[in-house]
Amino acid sequence: MMCTGMNRFTSLIVPWGLLSCWVPAAVAQAQAVSGQMNMADHRGGISGTVRNAGGLAVAGATVMSRNAEDGAQAQALPPAMPGMQDAERQALLDRIAALERRIAELEARGTAPQPGTSPVAGASADGSLAERLVSLERRLTDLESSTVLSEPETRVRQVEVWVDADGVEHDQPVPGARRVITYQRERVYRRQTINEKLGEAIEDAENRRVRIGVDSTIVPQGARRTEGSDTRTTGDVFALASADLFFTAGLAQYTVFFADIVGLSGSPPDAEIPSLSLINGYTARLVRQNELSLREAWLRTELFGQRLALSAGRLDLTNYFDQNAFANDESTQFLSDALVNNQMLGLAVNGTGLAAELDAKTGLRLKFGLQQSNTDAPNLSDSIFTLSEVGYTMTPFALPEGNYRLWFRTDNSTGSRATAVGVSLDQKLTPIVGLFGRYGSTDVEGGRDHQYSFGVGFQNGLVFSPRDTWGIGYSQLTLAAGEQEKLTEGYYNVQLTERLRFSFHLQHVFESPLSESSFGYLLPGVRLQAAF
Amino acid sequence: MIATRAAALGLIAAGLSLGVPATRTAAQGARITDPTSVVLIVNRDSNDIAFMDIASKKIVGKVFLGNNVNPHMAMMSHDGRWVVTGGTRANKAYIIDVANVRLAKTIPVDLAPEHLAFTPDGRFYYQGNPDGDTISVIDMASLTEIKRITGLAEPLNITFTPDGSKAYIGNYGAHWVGVIDARRHELLKKIQVGQVPGVSRLDPEKYLGEIKGVSNASISNDGRYIYAADGDLAIVAVIDTRDDKVVKTIRVGPDPWRAFMSHDGRHAVTANNGDETISIIDTRTNSVAATLEAGPDMTGVNFAAGKAFVVSATSGFVYVYDMRSLRPAGRIKIGTNIQLETATTDTADEKLYLASSTDNSIYVIDARTHGVERVTNVGLYPWGTHIMDSKDNYCH
């Protein structure tokens, strides 16, 4: 190999992938033939033939020389792309020029240009294509090194090791060694951008703090009497506003704390219309007007491979039992309490309790819970409700999924042990349409109370906007004493944004009390809900 | 390709008959004679590709790519001769000589190369560069980038039709699937998978903050249909590959990551991270057959032994579903305080090889018994795995 005008260039670099095994021979030849530096052309030049260890010429090799004093480099490049048409060459030149401009912009925006990375270092604007490409690659590498974090990162990892009787640590299980969890530093070459670093830090901070959520709802409703005595109210308008503040914090592995503080204000229709069940499900939360009350506060932990979940504290057991995919949430589905939970559950208010859920994710779920449901109880033994439930998810008769639940309840609030039993099922008929149904019965003095409800729910189709839902439901409640309630409700829920919902409701309730004549009301209403 | 495959199989037979192990250990100078005998492990933070022998579960070779390369996905060529990977932070593609377990070529590509695919004839490999909005076409004969396809929007995954005439590109930064003429390596058209709902104007935070478009265009076994899930729109668009038109839009759960095709082709499963469910689509009726509870941060779905295995990255669980009854079939506890990545399934559909990044391990799951075996210290931050000819080679 011949090098001309290069007496101050003392090292020679050959791309590893091309010539790694021939470097000794090439270096030896380069040292043997170094000549005089031509100061007029300080970029210098390299020419000659690269030979491998066997003395054979190597085609297409790129050879680079570097000045040991100032780092300047020069290259001998293979002939520039023989056979290339003028148009293709021009297109390539245009692309390279565009790349050079972009890199120049980045260099100007980011860090000071690195030594030897300016557009004229190593390659002139009118140099050969390959020369300019090499220059671009070098500048890009410099940019990558300087504009992102490329320092090796140190992390601490939890590691599993095996320690033998002599205290020697092994990475793999060995006979007689015991498994030990420990922590060890790791040094990794993970290049991250500033954005990624910031994102990780913010996420970490988020995970450590107490999370706060808000669910605020206002429900204006009107009531027009459809049947019954003229002495009953008609044409009145009602409104109830509710705001829940949620607090969640992780306390330990698989252990969280949750609290829900609620404040309500306004007059629901239940204040004037003496229906057997609550027309507005939110009324159940109304303890005192314009005051905050602690609705729930509990700890939840998961045990045995997270198969068993235990929640203890001030609970609302209806969150765990008698669930239903289409009729179980007054904030997004039906407003009537009779279509939110089975009235035979009998739980009036939240209280101290415990809930255990066993779910091995096979479709079968077992639950047990107990809760006090009386704010005036003098001790924890009074007004204790126990609930047990078995639930199963299946896909019967080639239908989509359905959930079937059977529950059993006891309570001692009347002094003797009263029991109730009920079912709750929801079954999709198609991905769009699903049916739901509930039945419950409880023994009371003089007989049994019964309630059944059923209806249909729609989602993912037959809607104006993709995430809207709607449904129609009917409930009939019959008490042992002879009173009866028939309630029908339809709703359409519009999801305006991720955090904002708006729904229209039309309810009709027909009551047959014992002591007076029957009456009925038609109640149109809207619900505006913000949750974030 | 067939001839080469036959040759590779011949080598296996020869190895077996002579009682010679298909792989030799790294200490002896790693050499892999049977590319089907190893699992590739992409170690993001130790910047290497490791080769784990399936039979012995030992690492038999590693190819270091360079500091700060951070490889993302690796794939073996159809003939088992090469392994290709994209170095996300180096903006380069890497070609590994499998037999000699050495780096054969480094090719500069566009920004942040991640996912990739070989053409069915193995002549080219498409390297997606999501940050560059391009795909680099790498010629496997000359090991050079012969073309860079522009006009894409965060191209993540690449799917070729069985005849190799077209490639479908999932654009995560848009709501369309790109169709590429794979003979001329040109973007032919953009197929809109669905319309953004009108109420999106009320929700700029969701629709303008970050886009979650199409991650992958999954193809049916017969190559007739593409199933493209869109994260923001919560749909799967069914595209007829004959005329490249959407023939059906299937609504699934919120934020579906992608559709994973079952091996028998009867179902497609989307992992809906928005509500932690999966939607199982019946591909005969193109409707959701069941929507079932799953876990948080799902990264992938594998199929084996008549079941679907859904990887939940942050919970440490793999959720299992019976694909005959379409019912939950339990969940497998892999560990605590770990982050699971993605898995590949062996060609016998018996075992899964699951990468677990934060404990530098691979977990081998028996699909029939749900037994788990851990292989430790495979490299730093294993991001994914790959087995030649597996039907579940994917990345995230």
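Residues numbered from 1 in each chain as written. Chains lettered and ligands numbered in written order. Predicted model: local features only at pLDDT ≥ 70, side-chain atom pairs only at ≥ 80, totals over all residues. Heavy atoms only, no water.

1. Structural notes on the overall build of chain B
No. 1: The helix and strand tally for chain B stands at two helices and 34 strands.
No. 2: Rg of the C-alpha trace for chain B: 20 Å, near the compact-globule value of 21 Å for 396 residues, within the 12% margin.
No. 3: With the principal axes as the frame, chain B shows a C-alpha extent of 65 × 45 × 35 Å.
No. 4: Sequence-distant contacts in chain B: of pairs separated by 6 or more residues, those separated by 24 or more amount to 42%.
No. 5: Split by element, the accessible area of chain B, about 13,700 Å² in all, is 50% carbon and sulfur.
No. 6: Of the side-chain charges in chain B, 40 are positive and 43 negative, and the distance between the mean point of each set is 3 Å. (Helix = DSSP H or I, 4+ residues; strand = E, 2+ residues; numbered from the N terminus. Rg over C-alpha atoms; globule rule 2.2 N^0.38 Å. Contact = heavy atoms within 4.5 Å. Areas by Shrake-Rupley, 256 points an atom, 1.4 Å probe, with all protein chains shown as cover. Lys, Arg positive; Asp, Glu negative; His and termini not counted. Charge placed at Lys NZ, Arg CZ, Asp CG, Glu CD.)

2. Focus: the overall build of chain A
No. 1: Secondary structure assignment for chain A yields five helices and 24 strands.
No. 2: Relative to its 532 residues, chain A shows a buried fraction of 41%.
No. 3: Counting only contacts in chain A whose residues sit at least 6 apart along the sequence, the fraction spanning at least 24 positions is 56%. (Buried < 20%, exposed > 50% of the residue type's maximum accessible area, 1.4 Å probe, protein only.)

3. A closer look at the sheet that holds strand β3 (residues 38-43) of chain B
The pairing of strands in a sheet happens through backbone hydrogen bonds and is either parallel or antiparallel.
All names here are of chain B.
No. 1: Spatially, four strands are ordered β5-β4-β3-β34 in an open sheet, and the strand pairing comes out antiparallel. Both outer strands of the open sheet, β5 (59-64) and β34 (382-387), are each paired with one neighbouring strand and no more. Between one strand and the next, the sheet's axes are offset by a mean angle of 20°, whatever the strand orientation.
No. 2: Where strand β4 (residues 48-53) and β5 come together, five bridges link them in antiparallel fashion. Across the sheet, residue Met-52 finds its bridge partner in β5, namely Ile-59. (Pairing = 2+ DSSP bridges. Axes fitted to C-alpha atoms, helices over the stretch in contact; angles between N-to-C directions.)

4. Details of the interface of chain B and chain A
Many analyses report the size of an interface as the accessible area lost when the parts associate.
No. 1: Of the residues lining the interface, 48 residues belong to chain B; the matching set on chain A comes to 47 residues.
No. 2: Carbon and sulfur atoms make up 43% of the surface buried where chain B meets chain A, a total of about 4,000 Å² over both sides.
No. 3: Taken together, the links from chain B to chain A amount to two salt bridges.
No. 4: Note that Arg374(B) is salt-bridged to Glu160(A), the shortest N-O span being 2.3 Å.
No. 5: Counting across the chain B and chain A interface gives twelve residue pairs in polar contact (both at pLDDT 80 or more).
No. 6: Elements that contribute at least two residues to the side of chain B that touches chain A include exactly β9 (102-108), α2 (204-209), β25 (287-293), β28 (317-322) and β29 (327-333) of chain B.
No. 7: The leading source of residues in the side of chain B that touches chain A is β25(B), at seven residues. (Buried area = accessible area lost by both parts, 1.4 Å probe. Salt bridge = Lys/Arg side-chain N within 4 Å of Asp/Glu carboxyl O. Polar contact = N/O pair within 3.5 Å; in protein donor to acceptor, adjacent residues only side chain to side chain.)

5. Some points on a nonpolar patch on the surface
Residue and element names in this part refer to chain A.
No. 1: Together, Leu-358, Leu-364, Leu-366, Val-390, Leu-406, Phe-408, Val-421, Val-423, Tyr-439, Tyr-452 and Phe-454 line one region of the surface with nonpolar side chains, adding up to about 860 Å² of accessible area.
No. 2: Elements supplying a minimum of two residues to the nonpolar patch: β15 (364-372), β17 (402-411), β18 (418-428) and β20 (447-459).
No. 3: When you line up the elements, Val-390 lands in strand β16 (residues 384-394). (Patch = residues over 30% accessible without salt bridge, like charges linked within 9 Å, V, L, I, M, F, W, Y side chains within 5 Å.)

6. Things to note about the sheet that holds strand β6 (residues 71-76) of chain B
Residue and element names in this part refer to chain B.
No. 1: A sheet is described by the order of its strands in space; here four strands give the open sequence β6-β7-β8-β9, paired in antiparallel fashion. Strands at the two margins of the open sheet, each flanked by one partner only, are β6 and β9. Sheet twist, expressed as the average angle between the axes of neighbouring strands with direction ignored, equals 20°.
No. 2: Relative to β9, strand β8 (residues 92-97) runs antiparallel, the two sharing six bridges. Following the sheet pairing, Ala-93 is matched in β9 by Ile-107.

7. Observations regarding the environment of Glu100(A)
Residue and element names in this part refer to chain A.
No. 1: Of note, Glu-100 is situated in helix α3 (residues 86-109).
No. 2: Along the backbone, Glu-100 and Gly-281 are 181 residues apart, and their C-alpha atoms lie at a distance of 67 Å.
No. 3: If near-sequence neighbours (up to four positions away) are discounted, Glu-100 is found in contact with Arg-132, Leu-136 and Arg-139.

8. Some points on the pattern of salt bridges
No. 1: Counted according to the given criterion, the structure contains 31 salt bridges over all chains.
No. 2: Between Arg300(A) and Glu302(A) there is a salt bridge; the shortest N-O distance is 3.6 Å.
No. 3: Measuring nitrogen to oxygen at the nearest pair gives 2.9 Å for the salt bridge that ties Asp411(A) to Arg409(A). Like Arg409(A), Asp411(A) is buried.
No. 4: Salt bridges sharing common partners tie together Glu160(A), Arg179(A), Asp359(B) and Arg374(B).

9. A closer look at the packing of aromatic side chains
Two aromatic rings are characterised by how far apart their centres lie and by the angle between their planes.
No. 1: According to the stated counting rule, one finds 17 aromatic pairs over all chains in the structure shown.
No. 2: Here the aromatic rings of Phe334(A) and Tyr491(A) are separated by 4.9 Å at their centres, their planes lie at 80°, and the arrangement is edge-to-face. Remark: Tyr491(A) occurs in strand β22 (residues 484-495) and Phe334(A) occurs in the loop between β13 (308-315) and β14 (351-359); sequence separation between them is 157 residues.
No. 3: Given the relative accessible area of 1%, Phe334(A) is considered buried.
No. 4: The ring of Phe519(A) has Arg232(A) lying over it, and the distance from NZ or CZ to the ring centre is 3.9 Å.
No. 5: For Arg331(B), the ring lying beneath its charged end belongs to Phe317(B), and the centroid distance is 3.9 Å. (Phe/Tyr/Trp six-rings, centres within 6.5 Å; stacked < 30°, edge-to-face > 60°. Lys NZ or Arg CZ within 6 Å of the ring centre and 35° of its normal.)

10. Structural notes on the pairing of strand β19 (residues 225-230) of chain B
All names here are of chain B.
No. 1: Of all six residues in β19, five are buried; the element is thus mostly enclosed.
No. 2: Two elements, strand β18 (residues 214-219) and β19, share four bridges in a ladder whose sense is antiparallel. When the sheet's bridge partners are listed, Ala-217 is paired in β19 with Ala-228.
No. 3: Between β18 and β19, which follow one another and run antiparallel, lie five residues, and Gly-223 among them has a positive phi close to 75°.
No. 4: Two strands pair when backbone bridges link them, and β19 and strand β20 (residues 235-240) are joined in this way by six bridges, in the antiparallel orientation. Of the residues in β20, the one forming a bridge with Ala-229 is Val-236.

11. Examining a negative patch on the surface
No. 1: Side chains of Glu200(A), Glu203(A), Asp275(B), Glu276(B) and Asp297(B) sit close together on the surface and give a patch of like negative charge.
No. 2: Assignment of secondary structure puts Asp275(B) in the loop between β23 (267-272) and β24 (277-282).
No. 3: By relative accessible area, Asp275(B) is classed as partly exposed at 36%.

12. Some remarks on the nonpolar core
Across soluble globular proteins, nonpolar side chains have a tendency to be buried as a group.
Residues and elements named next belong to chain B.
No. 1: Core analysis: the biggest nonpolar cluster contains 38 residues, and Ile-278, Phe-309, Val-318, Tyr-321, Ile-334 and Leu-354 have the highest contact counts within it.
No. 2: Top contributing element to this core by residue count: β28, with five residues.
No. 3: Counting residues in each nonpolar core, the second largest holds 21 residues, with Val-42, Leu-65, Met-76 and Val-83 among its members. (Core = buried A, V, L, I, M, F, W, Y, C linked by side-chain atoms within 4.5 Å.)

13. Here's the deal with unusual backbone geometry
No. 1: Positioned with a positive phi, Asp297(B) is a non-glycine residue whose angle comes to about 50°.
No. 2: Tracing the sequence through the fold places Asp297(B) in the loop between β25 and β26 (298-304).

14. As for the side chain of Glu357(A)
No. 1: Here Glu357(A) shows up in strand β14.
No. 2: Ignoring anything within four residues of it in the chain, the contact list for Glu357(A) reads Arg300(A), Arg307(A), Leu308(A), Ala309(A), Tyr320(A), Leu366(A) and Lys367(A).

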